Amino acid sequence: MILKFLRLLKIFTVVIKYGLDEIAMSGLRVPRTARLINGIFFWRRITTPRAIRLRLALEELGPIFIKFGQVLSTRRDLMPPDIADELSLLQDRVPPFGSDLAIAQITRSLGASPDQLFASFDPVPVASASIAQVHFATLKNGREVAVKVLRPGMKKTIDEDIALMHMATALIEKLWAESRRLKPREVVAEFDKYLHDELDLMREAANASQLRRNFADSTLLMVPEMFWDYCSSSVIVMERMRGIPVSQIDRLAAEGVDLKKLSSDGVEIFFTQVFRDGFFHADMHPGNILVSVEPESFGRYIALDFGIVGTLNDFDKDYLSQNFLAFFRRDYKRVAEAHIESGWAPRDTRVDELESAVRACCEPIFDRPLKDISFGQILLRLFQTSRRFNVEVQPQLVLLQKTLLNIEGLGRQLDPDLDLWKTAKPYLERWMAEQVGWRGFVERFKAEAPRYAHIFPQLPRLMHQALEHHSHPHGATNHEMMQQVLAEVRRSNRLLGFLAWLAGGITSGILFAALLTRYGGAA
């Protein structure tokens, strides 16, 4: 209790020091309270912009609050632009914890000390963040590895600070007029889940393994191999990767890396993850991306840190592709219809009103060349416009928008003339063709074939059971069951008829070709 009180006192002191109360006072439901608070702290002279004050306060409060600020910076659908931009500058760098603590954590998690597990282990960490730090080591078979170790006592610290955040959001909702739109409770709950997911390093290892499998045959991206015999929820061991940080452009240029190709490769990697796999690395800031200069993998990207990934289902991908294509065709009616059809906008939303709002928001963008148009900004403008129509922005799309902004910034840093639309358009059009074209039909049929193969042999038994139960007292329910069975039979018959027609057509074509060859040749 004493420690909690001291922590509250620390937070209160920082809030007053940086004038964070002033940020909320403009939205206080009770103006007298705002005047009273201003009177109590009459001695303050606050001239620094509010966004900078908020960032400095979070940095002073420590790692968990820094993480919270980073999460807030991704919620540009909720945050004012100046605050979101400033919070994106937060750096998750904290002093490393002692090597004796790291060794104890490895010993406890893997059941043996580093001296027993590795041929060599460097006790000096090469990187340190709020959740974990990384050491280099060598396995006994000679493989060089990176060992990621969870910071001890993190769960207790996180639980205590999250509890304080929940208390603060309850107070904010009572005082701040903007709280309903900003959804503070939902944001803290999302942050709570995000942090606890990061505490399980096995989840990160599994994410890396999935991404590595998705790009196993790629010549663009490398993902470190996980050594599962040395992995646990608090320690993971992966292949050591060597490369130059992508932000060090001068070094890359000096090594002879083609920066224009590197830029377009980054966009291609991102859209491949989104539209081919529906599984994307959602923390692709420059600190997590290296570029290989080794002869056998020269110019390839290296991805690191897989604690945050985004997933998209076919519905999400269809929504995105339709919206992007409609945007660049200036078909704002289709954008509005896609929102309502998806169920994210209320059913009673007028298409013409939403269309007009989207047009007013996005038409100015197209006064610029396509290469200057930001996909991330388009998605952000879409979210901001949608807010007026009570559209619920999906968390996976917020992650996508944040990652897309990172990719655009990185790509244009490497190549200022990068035309994102030219690179992305083939992926969007290909995905749409796979969904609505002949290829899409074939792929969906192949996916459904095992299901039909399982159902067909059961149809006679299901029909017999339905007929037997037809005379049961609950006749209405059984009648519905019978109708469902008959509907399934009709669907199956249509499918079988189509297959028979297709097989007959192919057979006839082969026979006709054979006859033509035989008698045509004789003539």
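Residues numbered from 1 in each chain as written. Predicted model: local features only at pLDDT ≥ 70, side-chain atom pairs only at ≥ 80, totals over all residues. Heavy atoms only, no water.

Comments concerning the overall build of the chain
Broken down by element type, the chain carries 23 helices and 11 strands. A total of 523 residues make up the chain; the buried ones form 45% of that total. The contacts in the chain between residues at least 6 apart in sequence include a share of 68% that link residues at least 24 apart. In the form shown here, the chain has an accessible surface area of approximately 27600 Å², with 58% of it arising from carbon and sulfur atoms. (Helix = DSSP H or I, 4+ residues; strand = E, 2+ residues; numbered from the N terminus. Buried < 20%, exposed > 50% of the residue type's maximum accessible area, 1.4 Å probe, protein only. Contact = heavy atoms within 4.5 Å. Areas by Shrake-Rupley, 256 points an atom, 1.4 Å probe, with all protein chains shown as cover.)

Comments concerning the sheet that holds strand β10 (residues 301–303)
Reading across from one edge, β5-β10-β9-β7 is the order of the four strands in this open sheet, with mixed pairing throughout. Two strands in the sheet have a free side with no partner beyond their single neighbour: β5 (221–222) and β7 (244–245). Bridge analysis of strand β9 (residues 289–291) against β10 gives three bridges, and the strand direction is antiparallel. The residue of β10 that forms the bridge with I289 is A303. Sheet strands in contact with helix α14 (residues 259–277) are β5, β9 and β10, and its direction is about 45° off that of β10. (Pairing = 2+ DSSP bridges. Axes fitted to C-alpha atoms, helices over the stretch in contact; angles between N-to-C directions.)

Observations concerning the nonpolar core
Counting residues in hydrophobic clusters, the biggest one holds 81 residues, and the most contacted among them are F191, L262 and Y301. Broken down by element, this core gets its largest block of residues, eight residues, from α14. Counting 16 residues, the second largest nonpolar core, distinct from the first, contains L110, V149, V235 and V237. (Core = buried A, V, L, I, M, F, W, Y, C linked by side-chain atoms within 4.5 Å.)

Comments concerning unusual backbone geometry
For D305, which is not glycine, the phi dihedral falls at a positive 60°. Tracing the backbone shows D305 in the loop between β10 and β11 (309–311).

Quick word on the pattern of salt bridges
For the structure on display, the rule yields 17 salt bridges. With a closest N to O distance of 2.7 Å, D277 and R276 form a salt bridge. D277 gets classed as partly exposed once you look at its relative accessible area, which sits at 23%. The residue R350 makes a salt bridge to D352 at a minimum N-O spacing of 2.6 Å. Exposure remark for D352: the relative accessible area of 39% places this residue in the partly exposed category. (Salt bridge = Lys/Arg side-chain N within 4 Å of Asp/Glu carboxyl O.)

Thoughts on the environment of A129
As for its position among the elements, A129 is in the loop between β2 (127–128) and β3 (132–139). For the pair A129 and R151, spaced 22 residues apart in sequence, the C-alpha separation works out to 8.7 Å.

Some thoughts on the packing of aromatic side chains
With the rule as written, the count across this model stands at five aromatic pairs. Ring geometry for F270 and F280: centres 6.3 Å apart, planes at 75°, overall edge-to-face. Of this pair, F270 sits in helix α14 while F280 sits in strand β8 (residues 279–281); the two residues are 10 residues apart in sequence, bridging distant segments of the chain. The pair formed by F270 and F280 is uniform in burial state, with each residue classed as buried. Members of the aromatic cluster, each reached through a chain of ring pairs, are F270, F271, F275 and F280. Sitting over the ring of F136, R240 keeps its end group 3.7 Å from the ring centre. We note R276 situated over the ring of F215; from NZ or CZ to the ring centre the distance is 5.2 Å. (Phe/Tyr/Trp six-rings, centres within 6.5 Å; stacked < 30°, edge-to-face > 60°. Lys NZ or Arg CZ within 6 Å of the ring centre and 35° of its normal.)

Re helix α12 (residues 201–214)
An α-helical turn contains 3.6 residues, so any two residues separated by three or four positions project in the same direction. Spanning 14 residues, α12 covers 20 Å between terminal C-alpha atoms, matching the ideal 20 Å at 1.5 Å per step. Buried within α12 we find L201, E204, A205, N207, A208 and L211. Along the long axis of α12, the arc covered by the buried residues comes to 160°, so they all point the same way. On the buried face of α12, the contacting elements are β4 (144–150), α11 (184–198), β6 (235–239), α14, β8 and β11. (Expected span 1.5 Å × (residues − 1). Arc of directions from axis to C-beta.)

Side note on α14
Compared with an ideal rise of 1.5 Å per residue, which puts 19 residues at 27 Å, α14 spans 26 Å between its outermost C-alpha atoms and is within 8% of the ideal. Between a side-chain oxygen at the N-terminus of α14 and the backbone nitrogen of K260 the separation is 3.2 Å; the capping residue is D258. Once α14 finishes, G278 follows within two positions and takes phi at roughly 65°, a positive value. (Polar contact = N/O pair within 3.5 Å; in protein donor to acceptor, adjacent residues only side chain to side chain.)

With respect to a nonpolar patch on the surface
On the surface, a nonpolar cluster with roughly 430 Å² of combined accessible area is contributed by I2, L6, L9 and F12. With respect to the secondary-structure elements, I2 resides in helix α1 (residues 2–17). (Patch = residues over 30% accessible without salt bridge, like charges linked within 9 Å, V, L, I, M, F, W, Y side chains within 5 Å.)

Quick word on the pairing of β4
Across the seven residues that make up β4, a large majority, six, are buried. Linking β3 back to β4 in an antiparallel pair, the connection comprises four residues, with G142 at a positive phi of about 95°. Where β4 meets β6, five bridges bridge the pair, whose relative direction is antiparallel. Note on β6: the bridge partner recorded for V147 is V237.

Topic: the side chain of E198
The residue E198 is located in helix α11 in this model. Exposure remark for E198: the relative accessible area of 12% places this residue in the buried category. Beyond its immediate stretch of four places on either side in the chain, E198 contacts K67, I131 and G307.

Examining the environment of L139
Among the structural elements, L139 can be located in strand β3. Between the alpha carbons of L139 and F118 there is a distance of 4.7 Å; along the sequence they are 21 residues apart. Residues within four places of L139 in sequence aside, it is in contact with F118, A119, V145, F227 and Y230.

Some details on the environment of A168
Considering the arrangement of structural elements, one finds A168 in helix α9 (residues 154–175). For the pair A168 and R185, spaced 17 residues apart in sequence, the C-alpha separation works out to 9.3 Å.

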